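Residues per chain, in single letters:
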Amino acid sequence: MNGAEPSPSICLVLVEAALELVPPECQAHPAVVRHARRKGKDPSQILLDRAYHHAAFRHLPDAYRRGRPDIIHFCLLEALGSPLNLRGMLRVFVSTYDGFTIRVSPLARLPRVYERFNGLMEQLYAKRQITADRNELLSITAQSLRELVAKLRPTRTYLFSEQGGPLAGPALGRELVSTPRPLLMVGAFPHGKLGKETQGMADRIISLFGKPLEAWVAVSRVLCAVEDAMLWSST
Ligand SMILES: C[S@@+](CC[C@H](N)C(=O)[O-])C[C@H]1O[C@@H](n2cnc3c(N)ncnc32)[C@H](O)[C@@H]1O
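All values reported here derive from a predicted model rather than from experimental measurement.

What counts, and at which threshold
Residues numbered from 1 in each chain as written. Predicted model: local features only at pLDDT ≥ 70, side-chain atom pairs only at ≥ 80, totals over all residues. Heavy atoms only, no water. Core = buried A, V, L, I, M, F, W, Y, C linked by side-chain atoms within 4.5 Å. Buried < 20%, exposed > 50% of the residue type's maximum accessible area, 1.4 Å probe, protein only. Helix = DSSP H or I, 4+ residues; strand = E, 2+ residues; numbered from the N terminus. Contact = heavy atoms within 4.5 Å. Pairing = 2+ DSSP bridges. Axes fitted to C-alpha atoms, helices over the stretch in contact; angles between N-to-C directions. Near = heavy atom within 4 Å. Polar contact = N/O pair within 3.5 Å; in protein donor to acceptor, adjacent residues only side chain to side chain. Nonpolar A, V, L, I, M, F, W, Y, C, P; charged D, E, K, R; others polar.

**Student:** Can you walk me through the nonpolar core in this structure?
**Tutor:** As a rule of thumb, nonpolar side chains are buried together in soluble globular proteins. Ranked by size, the top nonpolar core spans 50 residues in total, and within it Ile72 and Phe160 carry the most contacts. For this core, the leading source of residues is helix α9 (residues 215–230), giving 8 residues. Not counting residues within four places of it along the chain, the set of residues in contact with Phe160 comprises Leu172, Leu176, Leu184, Met185, Val186, Leu194, Ile206, Leu208 and Val222. Listed in part, the 16 residues of the second largest apolar core include Val15, Phe93, Met185 and Phe189.

**Student:** Would you mind showing me how to read the sheet that holds strand β2 (residues 90–96) here?
**Tutor:** Pairing between sheet strands relies on hydrogen bonds along the backbone, with the strands arranged either parallel or antiparallel. A sheet is described by the order of its strands in space; here 8 strands give the open sequence β4-β5-β3-β2-β1-β7-β6-β8, paired in mixed fashion. Only two strands of the sheet have a single neighbouring strand rather than two, namely β4 (129–132) and β8 (204–207). When strand polarity is set aside, the average angle formed by the axes of neighbouring strands in this sheet is 25°. Relative to β2, strand β1 (residues 10–17) is paired through 6 bridges, and the arrangement is parallel. Of the residues in β2, the one forming a bridge with Cys11 is Arg91. Running at roughly 155° to strand β6 (residues 156–166), helix α7 (residues 169–177) makes contact with β6, β7 (182–187) and β8 of the sheet.

**Student:** Just to check I follow, could you spell out the site of the ligand for this structure?
**Tutor:** By nearness alone, 19 residues border the ligand, and Phe160, Gly187, Leu208, Lys211 and Leu213 come closest of all. With respect to the ligand, the side chain of Glu162 contributes an N or O atom lying 3.1 Å from an oxygen atom. Between a nitrogen atom of the ligand and a main-chain N or O atom of Lys211, the distance comes to 2.9 Å. Listed by contribution, the elements that provide at least two residues to the shell around the ligand are β6, β7, β8 and α9. Broken down by element, the residue count for the shell around the ligand peaks at 4 residues, all from β6. For the shell around the ligand, a count of residues per class yields 12 nonpolar, 5 polar and 2 charged.

As structure tokens, this is what we get:
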């Protein structure tokens, strides 16, 4: 592992993200083969996507929490379009189910249309890097969440989960901005609890609301709390 990253203001990591290439055990399934053929790609080069490969999920471990790249799409649009990101105060990462870290440039403008986002992610897995005008917009490396956290060296890690202690709105904003380099983790998967290993990496586990929220709603509420405490008080 190299030295520490330069200290960004706020790091947001979408954890246990339901984004991965079709795993080997599903690549011969007719639903996958048909879909890959339509895309003009090999089954090993396309993203696992429940909307297209539902029938292939039956024998997949953890099936209920995999194959939802649309969740990552929504979360990234939310985060990259936030005032916090537009002010250059946010760094966004995706820690995928299949053990990769995607680093997203604050300048990345992702496709609004899901099919194009899906194609971009497949291109990213194939090329490992997406650039525009020589600037890196997206990169992907084989790196676990634990390795990413060690590299970012946050002063405090926060995990957002329905099972955490309640904290929201202005009190949440104050807590997060009083931490010099906070790392915020939100699960980017459809159902189920966050894994024990992820929970073990959290210094504090916070519930935003008494009911489960969609991942992108959790992202927006957390970023709004930070913006209210940090941005609007400095303008
Ligand atoms: C759709 S949820 C995953 C499902 C889930 N029921 C859970 O217990 O986390 C996706 C993510 O949004 C965040 N989230 C959802 N509801 C939350 C809540 N009430 N408080 C804090 N974070 C929440 C968590 O990070 C969660 O992993």
